[in-house]
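# Geometric and topological summary
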Amino acid sequence: MDTAAYIKLWNSAHVRIMDIRRQNLQPGKTVPALLLPSSAYLYVTEGSADIRMDGKSWMAGPYSVVHGGKGAHLAVRPEEALSYYLILYKASLPVPARRDLSDLLTRSNPFQSQYVLQASQPLYLLDKAQRMLERWQAAGDLDKLMAQSLFIQFVHEIMGQLGRQQLAAIRPDPVSQSIRYMEEHYREPISLELLGELLHCSPRQLLRKFRDKQGLSPIDYLIGIRLRKAKQLLAGTQAQLKEIAESVGYADSYYFSRLFKKHEGLSPGRYRELYRPARGGERPHYPLAASLLSIAAANAPRYSDNEFDNHYHYRGEGDSTMNYRSRRALAALVICLSLLLGACGSAAPAGSPADASASPAAAAAQTAQAGTNAADVSRTIKHAMGETTLKGAPERIVILTNEGTEALLALGVKPVGAVQSWYQKPWYKHIEGDMRDVTVVGDELQPNIELIASLKPDLIIGNKVRQEKIYEQLKQIAPTVFSEDLAGDWKINFTLYSEALNLEEQGKKMMEAFDQRVKEAKAKLAGKLDTKVSVVRFSPTQVRIYQKQTFSGVLLEQLGFARPAAQDKDNFIEVMSKETIPDMDGDVMFYFATDTTGDNKVSKVVEEWMNDPLFKNLNVSKNNKVVQVDEAVWNTAGGYEAANLLLDEIVAYFEKH
């Protein structure tokens, strides 16, 4: 076979698809001999069959490619359930053709030749065949043009493989196939199970082969691809962080940021500052603005899948909620009294009547600022988007994150507007009593800018991960302060919010009070801290283990609890497959179930996984140490209030067990 001649003739030919079909046949159902009306490729995707063409016979298995020319007699006899694509096409040289091409066609005609190829990169061909069929069936002129384009790519791959297989017989390599598939599809959800299914290979076998050849797992390799693409976008475009995250396969930009920092040692924003070339103030060309629309839908599912990590509700059951709320009220009273007594030593007149009509924000600010002319003092707040100058203590605050809402309430400040809670809308059960009459201004991903403006705020607090795209619009409404991240260590943001509210000293005292509670709990539970605590999340689309850089992970580490090896990592989460169920094990497993749709699909997921033999073999399962907890408290609320409730729950559980 003269592959070089084939390629030259394909480069010179006029090519037109005549038809594309997908056939599914059961064993014993022989297809009568078909007289091919044009040249054709037959691509087997599942099963095996005896393929006969003009007296020749081949046994074709999965990912075999058979080619025949116009007029050939084709018969297919399945040996087992068979699925294949049949692509009929017409190719001819232009008229009049060059003499050298005509002579070459006479000697070696690629459009009429008969051959069988065992694809060495079958997933690439499968992708092209699937997309060709979809476009062909759509029937629009533009769709047919795309089908033509995909067919040329299909032929290009076959010619390349023919050339390589002339040198040596090549068996399909699942590792190289996986790599090529991930390079082509990194924007899409990819799991070990998906790769195994596409390659007719068990996930466990694929994982072993991949690690032997590459030294890491397929998913770690995929992360490398995605981060490499992300770095190119960060350095070469002005795309927003959320857009870049979506374009490389991460619907949750928070998770993307954590992953980027873990692997690269710096945040995406810092990477851009260091590696984006200076343009002298000129805005660089931004090709993603339109193209990203085809990569991710505008209303992408939230959190993980979109899979975000901060939703669910607190039910307010048991004594721990009342205990915490009483302690919180007492702590706030003690802090305010200490500040007030300190202020009494100043120039403020004794016995001044309190303004009973003042808002909580104004009252807290008055206490903290007593004896000073705070309204005239300018303060510069350094935050994720730069610096913002504020005067005095703001009174009308709009807060755009769930954890920020909790910070304000803990500091005695009731916002005029806030984004709704992820579950139990509009507010989590454990804060709804404090949020009466607060205006809902959308959610973290889509704040309502017009509604925010109508509230006439004197301070807006948001987060770069969530609202970077609208920062410029927000700061036209009111001074705006953004936190950098939504990391597990919620205290970083709490400190910023305290400073922005001019309640820095009060915030510091509250942090000291919380740390003291943790210290006391750690002493109380000293005999239990070697217990390996596993944290797991079930959702209809993903199952995850939670590691140390999560809301619950930070507190467990501060308390000094041991973690299972797979979770004792300075990372965020890891997506599970059934093969990795053993990584969930520990001495006790706390799990929460995310029901984003309200149809209770997650219950079926929990039941399916917990009935898996691998799960039943876990120590936590055999010892009845699998405990369902509230996701709002353990994960999604993410602030001061939830941290105290989580501490209460942990102490209560380990005091009883």
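Heads up: these notes are all about the structure in this document. (Residues numbered from 1 in each chain as written. Predicted model: local features only at pLDDT ≥ 70, side-chain atom pairs only at ≥ 80, totals over all residues. Heavy atoms only, no water.)

Attention now moves to the overall build of the chain. The secondary structure content of the chain amounts to 26 helices and 22 strands. A sequence separation of at least 24 residues applies to 72% of the contacts in the chain between residues at least 6 apart. With an accessible surface of roughly 30,300 Å², the chain has 50% of that area assigned to carbon and sulfur atoms. (Helix = DSSP H or I, 4+ residues; strand = E, 2+ residues; numbered from the N terminus. Contact = heavy atoms within 4.5 Å. Areas by Shrake-Rupley, 256 points an atom, 1.4 Å probe, with all protein chains shown as cover.)

Helix length check: helix H5 (residues 174–185) (12 residues) gives 16 Å between terminal C-alpha atoms against 16 Å at 1.5 Å per residue, within 8%. Among all positions of H5, only Pro174, Val175, Gln177, Ser178, Ile179, Tyr181, Met182 and His185 are buried. Turning to H5, the residues buried within the fold contact helix H3 (122–138), helix H6 (192–198), helix H7 (203–214) and helix H8 (218–236). (Expected span 1.5 Å × (residues − 1). Buried < 20%, exposed > 50% of the residue type's maximum accessible area, 1.4 Å probe, protein only.)

Position of Asp143 relative to the elements: it lies in helix H4 (residues 141–167). On the basis of relative accessibility, which here comes to 19%, the residue Asp143 falls in the buried class. With near-sequence residues (within four places) excluded, Asp143 lies in contact with Arg135 and Ala138.

The next thing to look at is unusual backbone geometry. Its identity as a non-glycine residue notwithstanding, Asp437 has a phi of 75°, on the positive side. When you line up the elements, Asp437 lands in the loop between strand S14 (417–418) and strand S15 (439–440). Look at Asp437 and you get exposed, because its relative accessible area is 77%. Here Lys456, not a glycine, exhibits a phi torsion of approximately 50°, which is positive. The exposure class assigned to Lys456 is exposed, which follows from its relative accessible area of 63%.

Along the chain, the position of Ala129 falls in helix H3. For Ala129, a relative accessible area of 1% gives the class buried. In this structure the C-alpha to C-alpha distance between Ala129 and Arg22, which are 107 residues apart in sequence, comes to 9.4 Å. Those residues in contact with Ala129 that lie beyond four places of it in its chain are Tyr43 and Tyr85.

Note on placement: Gly639 falls in the loop between helix H25 (631–636) and helix H26 (640–656). Spatially, the C-alpha atoms of Gly639 and Ala410 are 9.3 Å apart, while their sequence positions differ by 229 residues. Ignoring anything within four residues of it in the chain, the contact list for Gly639 reads Glu403, Glu406, Trp490 and Phe551.

Right, let's get into the sheet that holds S15. One open sheet accounts for five strands, arranged S15-S14-S13-S16-S17; its pairing is parallel. Two strands close off the open sheet at either side, each with one partner strand: S15 and strand S17 (480–483). Strand direction decides the pairing type here: strand S16 (residues 459–463) and S17, joined by four bridges, are parallel. Of the residues in S17, the one forming a bridge with Asn463 is Ser483. Docked against the sheet, helix H15 (residues 402–410) engages strand S13 (397–399), S14 and S16, running at close to 140° with respect to S13. The strands that helix H19 (residues 491–500) touches are S16 and S17; relative to S17, the one it contacts most, it runs at about 165°. (Pairing = 2+ DSSP bridges. Axes fitted to C-alpha atoms, helices over the stretch in contact; angles between N-to-C directions.)

The residue Arg544 is located in strand S19 (residues 543–546) in this model. At 3.0 Å, the side chain of Arg544 forms a polar contact with the side chain of Gln542. (Polar contact = N/O pair within 3.5 Å; in protein donor to acceptor, adjacent residues only side chain to side chain.)

Counting residues in each nonpolar core, the largest one holds 138 residues, and the members touching the most others are Tyr41, Phe151, Ile158, Phe256 and Ile650. Per-element accounting of this core gives the leading share, 10 residues, to H26. Among residues more than four places away in sequence, those in contact with Phe256 are Leu227, Ala230, Leu241, Ile244, Ala245, Val248, Tyr250 and Pro268. If you look at the next biggest cluster of nonpolar residues, it comprises 19 residues, including Val543, Ala566, Met589 and Met610. (Core = buried A, V, L, I, M, F, W, Y, C linked by side-chain atoms within 4.5 Å.)

Attention now goes to the sheet that holds strand S6 (residues 64–68). The strand order across the open sheet formed by five strands is S1-S8-S3-S6-S9, and the pairing between neighbours is antiparallel. Only two strands of the sheet have a single partner each, and these edge strands are strand S1 (14–25) and strand S9 (115–118). Between one strand and the next, the sheet's axes are offset by a mean angle of 15°, whatever the strand orientation. With four bridges connecting them, strand S3 (residues 39–46) and S6 associate as antiparallel partners. Pairing of Tyr41 across the sheet is with His67, part of S6. Helix-sheet contacts for H3 involve S1, S3, S6 and strand S8 (82–92), and the interaxial angle to S1 is about 100°.

What follows concerns the pattern of salt bridges. All chains considered together, the criterion is met by 25 salt bridges. Note that Lys128 is salt-bridged to Glu184, the shortest N-O span being 3.8 Å. Residue Lys128 is found in helix H3, and its partner Glu184 is found in helix H5; the two are separated by 56 residues along the sequence. With relative accessibility at 1%, the residue Lys128 sits in the buried group. A salt bridge links Glu557 to Lys548; the shortest N-O distance between them is 3.4 Å. A residue is classified by how much of its surface remains accessible, and Lys548, at 17% relative accessible area, is buried. Through salt bridges with shared partners, a single ionic network connects Asp127, Lys128, Arg131 and Glu184. (Salt bridge = Lys/Arg side-chain N within 4 Å of Asp/Glu carboxyl O.)

Considering all chains together, one arrives at 31 aromatic pairs under this definition. Each ring, one from Tyr255 and one from Phe572, has its centre 5.7 Å from the other, and the planes form 40°; the classification is tilted. Of this pair, Tyr255 sits in helix H10 (residues 253–264) while Phe572 is found in the loop between helix H21 (551–559) and strand S20 (573–575), placing the two residues 317 residues apart along the sequence. Between Tyr471 and Phe482 the ring centres are 5.1 Å apart and the planes differ by 65°, which places this aromatic pair in the edge-to-face class. Taken together, the residues Tyr471 in helix H18 (residues 471–477) and Phe482 in strand S17 connect sequence positions 11 residues apart. Residue Tyr471 is classed as buried on the basis of its relative accessible area of 5%. Taking the relative accessible area as the measure of exposure, Phe482 reaches 0% and is therefore buried. Three or more aromatic residues joined by ring pairs form one cluster here, namely Tyr250, Tyr255, Phe256, Phe260, Tyr271, Tyr275, Tyr546, Phe572 and Phe592. The ring of Trp136 carries Lys144 above its face, with NZ or CZ at 3.6 Å from the centroid. (Phe/Tyr/Trp six-rings, centres within 6.5 Å; stacked < 30°, edge-to-face > 60°. Lys NZ or Arg CZ within 6 Å of the ring centre and 35° of its normal.)

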